Amino acid sequence: MKQTSTSSPISRRTMLRSSGALVATSAVLAACSSAKPSVARIGESPTTVKLEDLAVTDVVLLRTAMSMETMAAAMLTDSAVTGLASKDAAPVIAAFAADHISHLEDLRVLIAARNGSAYSETNTKLMQAYGQPALDLVANGKVEADVLALMHAVETLIAATYQYFVSLTVEPALRADLVRLGGRSSRRSAVSAQLINGGTGGFAPANDKDGVPLVATLPGAFGSLSAVQVALGPVNDTGTRATVLMDTPSLNSLIY
Amino acid sequence: MDTHQVESPDMSMTTRRRLIASLLAGGAVVAAAPLFAGHASAADNAAPPHRDAADNAALNACLDRESRMVATYRKAIAGLTENDLIAMTLILDHHIAYAHALKGYLAVEAITPSSAPLASPTGSLAGIARQLATLEDQTATIHTNTIGTIKGLDAATLLASIVTVEARHAAALELIAGASPIAAHATAY
């Protein structure tokens, strides 16, 4: 028996159309859902606590800058440094430390203008990571040259920190303020380099007769953001000294 | 039992179009969903733009300044020798690099910069260094002020990396000019 129909409640096209719409809707819903691992496990498993979602705002950067300036001042006024400084170097170190303290007031004003809270402590994580170890090495080594080497490293680090923060800052006017503060540390870094390796002969990167790199006043055309390296402390059994790496603050060392 | 479904040509075309349109619309929604999700979170942070065409005029002014610094240093090194020549040539090379970097950033939007020197430093090394230190300070100030006005983050980052070193140029030159370490680190801006 042949049956001819001109309309069917569920045609092939209607079914395809409905299926397409269903697949699309499912995909949209799946994209909106959160991915949760569904790995089978035996026994008890501790529940994880999601970390607070912290944003890197302009105020966070300013607070972190305060922590870095405080750390720089603390390092330059530490007895391990002042006790070893030569008669010529001592007033320069004191002037640089005073500059860092004066920058705190500049930063406090910038933070207050953005309804933020000032931060008056050192950067705890970075002080533990390389600040205190560097001071300990200077104290143990008792090498006068370490004082200028540490000062040069600290000033280079602070300059690099401000330069890096420009790339994270939202407000253009604040970027300029940060560059001004960084420029001051750059100048101090150049002066420190000249105190170590003076004259026009100290401008360009060079090595000594043993192939050891000398401190250069102008190590590159553009400001570097790589870790600042400084050899400090006593000479060990192999004839070398400990190298301290100083990095600019990152997400885990910002002051939120 | 055989069943035949008969459709008129008009009805068939309309149905096929609807089917294809439905699938296309569904696919577009699926593709766009993650995109919308990403934009929603980005909008919350109000991320600054990486580039902004409105910055080009200010950046061309910086390019012009660097080009003129290059011309100035070319004049300044004319009578220098040995370490002094090497040191000043190093700074000259830095300014050439800055001009190239700005020109590269601006690409087709770059102007033809002036090649007129800003000064004609002559005399002793100390005298030349003093004049050049002043020009370095002025150049760093120009760039810093530009950073405060431009919106593009990439250009601001580039200028910041230039100012950081130009501040070093200024302090080092002031020491060569005879300033004390404490006086040389004091900034003009």
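Draft legend 1. Up close: the overall build of chain A. Scanning chain A from terminus to terminus reveals seven helices and three strands. If you list the helices and strands of chain A from N to C, you get β-α-α-α-α-α-α-α-β-β. Its C-alpha radius of gyration of 29 Å places chain A more than 25% over the 18 Å reference for a compact globule of 256 residues. With the C-alpha coordinates of chain A rotated into their principal frame, the extents come out at 115 × 50 × 45 Å. Per-residue burial over chain A gives 42% buried out of 256 residues. A fraction of 74% describes how many contacts in chain A between residues 6 or more apart in sequence connect residues 24 or more apart.

Draft legend 2. Summary view of the overall build of chain B. Scanning chain B from terminus to terminus reveals six helices and one strand. Expressed as a percentage of its 189 residues, the buried residues of chain B come to 42%. Pairs at least 24 residues apart make up 78% of the contacts formed inside chain B by residues separated by at least 6 positions. Of the accessible surface of chain B, which amounts to about 9100 Å², a share of 61% is contributed by carbon and sulfur atoms.

Draft legend 3. Inspection of helix α5 (residues 124-141) of chain A at higher detail. Residue and element names in this part refer to chain A. If you check α5, its first and last C-alpha atoms are 24 Å apart, about what 18 residues at 1.5 Å a residue would give, namely 26 Å. For α5, the principal kink sits at Tyr130 and spans about 35°; a proline, Pro133, occurs within the next four residues. Within the sequence span of α5, burial applies to Leu126, Met127, Tyr130, Gly131, Ala134, Leu135, Leu137, Val138 and Gly141. Next to the buried residues of α5 lie α2 (58-76), α3 (79-82), α6 (144-166), β2 (228-232) and β3 (242-246).

Draft legend 4. The arrangement of the packing of aromatic side chains in detail. In the structure shown here, the tally under the stated rule is two aromatic pairs over all chains. Seen in terms of ring centroids, Tyr164 of chain A and Phe165 of chain A are 6.1 Å apart; in terms of plane orientation they differ by 45°. Their pairing is tilted. Between the aromatic rings of Phe222 of chain A and Tyr98 of chain B, the centroid separation amounts to 5.3 Å while the plane-to-plane angle is 75°, which identifies the pairing as edge-to-face. One end of the pair, Phe222 of chain A, is in the loop between α7 (172-196) and β2; the other, Tyr98 of chain B, is in helix α3 (residues 82-106), on a second chain. Its relative accessible area of 32% is what places Phe222 of chain A among the partly exposed residues. In this structure, Arg51 of chain B packs its charged tip against the face of Tyr105 of chain B, placed 4.0 Å from the ring centre.

Draft legend 5. Quick peek at the packing of α2 of chain A against α5 of chain A. Residues and elements named next belong to chain A. As a packed pair, α2 and α5 sit with axes 11 Å apart at the nearest point and diverge in direction by 15°. By the criterion of interaxial angle, the relationship of α2 to α5 is roughly parallel. In the crossing of α2 with α5, the sense of the turn from one axis to the other is right-handed. The segment α2 lies against α5, with Met68, Met71 and Met75 engaging Leu126, Met127, Tyr130, Gly131, Ala134 and Leu135. Residues belonging to the contact of α2 with α5 are distributed by class as follows: eight nonpolar, one polar and no charged.

Draft legend 6. Structural view of unusual backbone geometry. The phi torsion at Lys142 of chain A lies on the positive side, around 50°, for a residue other than glycine. Note on placement: Lys142 of chain A falls in the loop between α5 and α6. Even without being a glycine, Ala107 of chain B presents a positive backbone phi close to 55°. Position of Ala107 of chain B among the secondary structure elements: in the loop between α3 and α4 (125-147). For Ala107 of chain B, a relative accessible area of 45% corresponds to the partly exposed category.

Draft legend 7. Here's a closer look at the side chain of His94 of chain B. Note that His94 of chain B resides in helix α3. The exposure class assigned to His94 of chain B is buried, which follows from its relative accessible area of 5%.

Draft legend 8. Region of interest: the confidence of the model for chain B. Residue and element names in this part refer to chain B. Chain-level pLDDT for chain B is 85 on average; 75% of the residues reach the 70-or-more range. Overall, residues 1-13 carries pLDDT values under 50, and its contacts beyond four positions in sequence, including any with other chains, amount to 18 contacts. The low-confidence segment residues 34-44, where pLDDT is below 50, has one contact with residues more than four positions distant or belonging to other chains.

Draft legend 9. Representation of the environment of Thr146 of chain B within the structure. All names here are of chain B. Inspection of the secondary structure assignment puts Thr146 in helix α4. C-alpha of Thr146 to C-alpha of Glu166: the two residues are 20 residues apart in sequence and 15 Å apart in space. With sequence-adjacent residues up to four places away left out, Thr146 is seen in contact with Ala58, Cys62 and Leu159.

Draft legend 10. Geometry of the pairing of β2 of chain A. All names here are of chain A. Residues Val228, Val230 and Leu232 line the buried face of β2, whereas the alternating positions Gln229 and Ala231 sit on a face that is not buried. Summarising the sheet, β2 and β3 pair through five bridges and their orientation is antiparallel. Pairing of Ala231 across the sheet is with Thr243, part of β3.

Draft legend 11. Structural detail: α3 of chain B. Residues and elements named next belong to chain B. Between the first and last C-alpha of α3 there are 36 Å, a value that for 25 residues agrees with the 36 Å anticipated at 1.5 Å per step. The inward-facing, buried residues of α3 contact α2 (56-76), α4 and α5 (153-176). Two residues or fewer after α3 comes Ala107, characterised by a positive phi angle close to 55°.

Criteria and thresholds
- Residues numbered from 1 in each chain as written.
- Chains lettered and ligands numbered in written order.
- Predicted model: local features only at pLDDT ≥ 70, side-chain atom pairs only at ≥ 80, totals over all residues.
- Heavy atoms only, no water.
- Helix = DSSP H or I, 4+ residues; strand = E, 2+ residues; numbered from the N terminus.
- Rg over C-alpha atoms; globule rule 2.2 N^0.38 Å.
- Buried < 20%, exposed > 50% of the residue type's maximum accessible area, 1.4 Å probe, protein only.
- Contact = heavy atoms within 4.5 Å.
- Areas by Shrake-Rupley, 256 points an atom, 1.4 Å probe, with all protein chains shown as cover.
- Expected span 1.5 Å × (residues − 1).
- Bend = angle between axes of the 7 residues up to and from the residue.
- Phe/Tyr/Trp six-rings, centres within 6.5 Å; stacked < 30°, edge-to-face > 60°.
- Lys NZ or Arg CZ within 6 Å of the ring centre and 35° of its normal.
- Axes fitted to C-alpha atoms, helices over the stretch in contact; angles between N-to-C directions.
- Parallel < 35°, antiparallel > 145°, perpendicular 65-115°, else oblique.
- Left-handed = near helix turned anticlockwise from the far one by under 90°.
- Nonpolar A, V, L, I, M, F, W, Y, C, P; charged D, E, K, R; others polar.
- pLDDT = per-residue confidence, 0-100.
- Pairing = 2+ DSSP bridges.

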